[in-house]
Amino acid sequence: MAVSSSPSSALRNVFVYGTLLADEVVHVLLKRVPDSAPAILPNYHRYSIKNRVYPAILPVDKIEVIGKVLFEITDPELRILDEFEDFEYERNVVEVSLVESSEIVQAYAYVWRNKSDPDLYGDWDLKEWKEKHIDNYLVMTCSFASELEEPEC
């Protein structure tokens, strides 16, 4: 998992937009649910991925992704998220707007590496994912966490 840009060590915000919007998933991975706030990432699109239950984001002009910012993520937690997001994503620094205050904050976001991936399509839907996939996804996440020897299931 590559990291694009090198922000100061004080940057510990992570913008999440897919399965990590579910507190249950975050809790399994980090053993806590960090403080968060709804946020908007401008000039990106959240795609569905063929044969996958999680989304990808890529830069697209004049479109925005609604998600949330997780605050005060520690270095060990960031490494866990890096492992979880795997090689298909690149951790980039982005600027997001907090919904409640319109404040602009810097955060890391996991951006899909393959910008011309033919398997990306349409829009990913959180409500649909929760209805159809969250239970199995939590089982997978617990398995991942136990491989890290940090289970919280």
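For the structure, see preceding data.
Note that the structure is a prediction, hence the values are computed from the model and not measured.

Undergrad: Mind showing me how you'd approach the overall build of the protein chain here?
TA: Broken down by element type, the protein chain carries four helices and six strands. Put simply, the protein chain runs from its N terminus to its C terminus through helices and strands in the order β-α-β-β-α-β-β-β-α-α. The 153 residues of the protein chain split such that 45% are buried. For the protein chain, the share of sequence-separated contacts (at least 6 apart) that also reach a separation of at least 24 residues comes to 73%. Here the protein chain has roughly 8300 Å² of accessible surface; of this, 47% comes from carbon and sulfur atoms.

Undergrad: Would you take a moment to explain the environment of Gly122 for this structure?
TA: Here Gly122 lies in the loop between β6 (120-121) and α3 (126-132). On the basis of relative accessibility, which here comes to 40%, the residue Gly122 falls in the partly exposed class.

Undergrad: What exactly am I supposed to notice about unusual backbone geometry here?
TA: Leave glycine aside and you will find that most residues have negative phi; peptide bonds, for their part, are mostly trans. Here the phi dihedral of Asn51 falls at roughly 65°; this positive angle occurs in a residue that is not glycine. Along the chain, the position of Asn51 falls in the loop between β2 (36-49) and β3 (56-70). Given the relative accessible area of 74%, Asn51 is considered exposed. The backbone phi angle of Asp86 is positive, close to 70°, even though this residue is not glycine.

Undergrad: What's the story with the pairing of strand β5 (residues 104-112) in this structure? I'm lost.
TA: Every other side chain in a regular strand lies on the same face of the sheet, so the side chains alternate between the two faces. Taking burial as the measure, the nine residues of β5 include seven buried ones, the bulk of the element. Of the strand pairs in this sheet, strand β1 (residues 14-16) and β5 are connected by two bridges, and their pairing is parallel. Counted as the bridge partner of Val14 is Tyr108 from β5. The sheet contact formed by strand β4 (residues 89-98) and β5 spans nine bridges and is antiparallel. Of the residues in β5, the one forming a bridge with Val93 is Tyr108. Taking the residues between adjacent antiparallel strands as the criterion, β4 and β5 are bridged by five residues, where Ser102 takes a positive phi near 65°.

Undergrad: What is the right way to look at the environment of Ser102 in this model?
TA: Mapped onto the secondary structure, Ser102 falls in the loop between β4 and β5. Sequence separation of Ser102 and Ile40 is 62 residues, and the distance between their C-alpha atoms is 9.2 Å.

Undergrad: What am I meant to see in the packing of helix α1 (residues 23-30) against helix α4 (residues 134-147) here?
TA: Geometrically, a packed helix pair is captured by the angle between its two axes and the distance between the axes. Relative orientation of the contacting elements α1 and α4 amounts to 10°, with a least axis distance of 9 Å. The angle between α1 and α4 places the two elements in the roughly parallel class. The segment α1 lies against α4, with Glu24, Val25, Val28 and Leu29 engaging Ile134, Tyr137, Leu138, Thr141, Cys142, Phe144 and Ala145. Among the residues making up the contact of α1 with α4, the classes are represented as nine nonpolar, one polar and one charged.

Basis of the calculations
- Residues numbered from 1 in each chain as written.
- Predicted model: local features only at pLDDT ≥ 70, side-chain atom pairs only at ≥ 80, totals over all residues.
- Heavy atoms only, no water.
- Helix = DSSP H or I, 4+ residues; strand = E, 2+ residues; numbered from the N terminus.
- Buried < 20%, exposed > 50% of the residue type's maximum accessible area, 1.4 Å probe, protein only.
- Contact = heavy atoms within 4.5 Å.
- Areas by Shrake-Rupley, 256 points an atom, 1.4 Å probe, with all protein chains shown as cover.
- Pairing = 2+ DSSP bridges.
- Axes fitted to C-alpha atoms, helices over the stretch in contact; angles between N-to-C directions.
- Parallel < 35°, antiparallel > 145°, perpendicular 65-115°, else oblique.
- Nonpolar A, V, L, I, M, F, W, Y, C, P; charged D, E, K, R; others polar.

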